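The residues making up each chain are set out below.
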Amino acid sequence: MIRDAVSVATVFAVMVGVGVAREQGWLDHLDRLLPTQSQSTGPRSAARHIPLCSGSVRVTCVVDGDTGWEAGTKWRMTSIDAPEVSKPGCAAEKSMGDRATRRLQSLMSGGYSLQGGGLDRYGRRLVSVTLANGRDAGEVLMAEGLAQRWPNSGNKWCG
């Protein structure tokens, strides 16, 4: 029984450590082992609940309307810019950012795949998110007024 408890505690500690190491960028040198830009970053995900990110350990979750984590790797959509939720420029941007975040979460919960592989200046994997029905999640968010094309000419949510 003690051995089982130690095993569980060890596995938990390793998982937390890997999550922290990824979030802090300590594993960035492993990028060369990840798929190239022309490859999918993984098989299509089956329909399931995708949580919103919280806490310091992030595995698979949505950060905001254009950013998330997949299997411990942080990603950002290539062609869109969604309103900020962590440091919005105004109350309207925060409100729209929350809506965009929840909408992306809802879209991805129906199943999705990520394609891409380059990195942005923050070390996030640049991807497109293809939904189970074949639509591009970024295009859906733009059509619904919850994102704008990237690159853009400024913060349209704060006027």
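Procedures and definitions
Residues numbered from 1 in each chain as written. Predicted model: local features only at pLDDT ≥ 70, side-chain atom pairs only at ≥ 80, totals over all residues. Heavy atoms only, no water. Pairing = 2+ DSSP bridges. Helix = DSSP H or I, 4+ residues; strand = E, 2+ residues; numbered from the N terminus. Axes fitted to C-alpha atoms, helices over the stretch in contact; angles between N-to-C directions. Contact = heavy atoms within 4.5 Å. Core = buried A, V, L, I, M, F, W, Y, C linked by side-chain atoms within 4.5 Å. Buried < 20%, exposed > 50% of the residue type's maximum accessible area, 1.4 Å probe, protein only. Salt bridge = Lys/Arg side-chain N within 4 Å of Asp/Glu carboxyl O. Disulfide = S-S within 2.5 Å.

A closer look at the sheet that holds strand S5 (residues 112–119)
- Overall, mixed pairing links the five strands, which are arranged S1-S2-S3-S6-S5 in an open sheet. Each having just a single partner strand, strand S1 (61–64) and S5 make up the two edges of the open sheet. Sheet twist, expressed as the mean angle between neighbouring strand axes with direction ignored, is 35 degrees.
- Both S1 and strand S2 (residues 67–70) contribute to a ladder of three bridges, which runs antiparallel. Residue valine 62 lies in a different strand from S2, and its bridge partner there is glycine 68.
- Where helix H2 (residues 91–108) meets the sheet, it contacts S1, strand S3 (73–77), S5 and strand S6 (125–131), and its direction lies at approximately 155 degrees from that of S1.

Quick word on unusual backbone geometry
- For the bond from tryptophan 150 to proline 151, the omega torsion is 0 degrees, close enough to zero to count as cis.
- Within the fold, proline 151 resides in the segment after strand S7 (148–149).

Looking at the nonpolar core
- Counting residues in hydrophobic clusters, the biggest one holds 23 residues, and the most contacted among them are Trp75, Leu104, Met108, Val129 and Leu141.
- Breaking this core down by element, the ones donating at least two residues are S3, H2, S5, S6 and helix H3 (137–143).
- Sorting elements by how many residues they give to this core places H2 first, with five residues.

Concerning the pattern of salt bridges
- What the rule picks out here adds up to six salt bridges.
- With its nearest N and O atoms 3.3 Å apart, the salt bridge here joins arginine 76 to aspartate 81. Judged on exposure class, the residue arginine 76 and its partner aspartate 81 are both buried.
- A salt bridge links aspartate 98 to lysine 94, with the shortest nitrogen-to-oxygen separation between them at 3.0 Å. Linking aspartate 98 with lysine 94, this pair stays in helix H2, spanning four residues, or about one helical turn.

Examining the environment of alanine 82
- Position of alanine 82 relative to the elements: it lies in the loop between strand S4 (80–81) and H2.
- For the pair alanine 82 and aspartate 66, spaced 16 residues apart in sequence, the C-alpha separation works out to 5.6 Å.
- Beyond its immediate stretch of four places on either side in the chain, alanine 82 contacts Gly65, Asp66, Ala100, Leu146, Ala147 and Trp157.

Quick word on the pairing of S3
- Most of S3 is tucked away, with four of its five residues classed as buried.
- Relative to S3, S2 runs antiparallel, the two sharing four bridges. By the bridge assignment, threonine 67 is partnered in S3 with arginine 76.
- Between S2 and S3, which follow one another and run antiparallel, lie two residues, and alanine 71 among them has a positive phi close to 50 degrees.
- Sheet topology places S3 next to S6; three bridges connect them, and they run parallel.

With respect to the state of the cysteines
- Scanning the entire structure with this criterion turns up two disulfides.
- Here cysteine 53 pairs with cysteine 61 through a disulfide, and the sulfurs are 2.0 Å apart. Residues cysteine 53 and cysteine 61 are joined by a disulfide whose S-S torsion is about 95 degrees; by sign, that bridge is right-handed.
- Disulfide partner of cysteine 90: cysteine 158, at an S-S distance of 2.1 Å. Around the S-S axis, the bridge from cysteine 90 to cysteine 158 shows a dihedral of about -100 degrees and counts as left-handed. Taken together, the residues span a long stretch of sequence, with cysteine 90 in the loop between S4 and H2 and cysteine 158 in the segment after S7 at a distance of 68 residues.
- Here the cysteine-cysteine linkages of the protein are recorded as 1-2, 3-4, numbering only bonded cysteines and doing so in sequence order.

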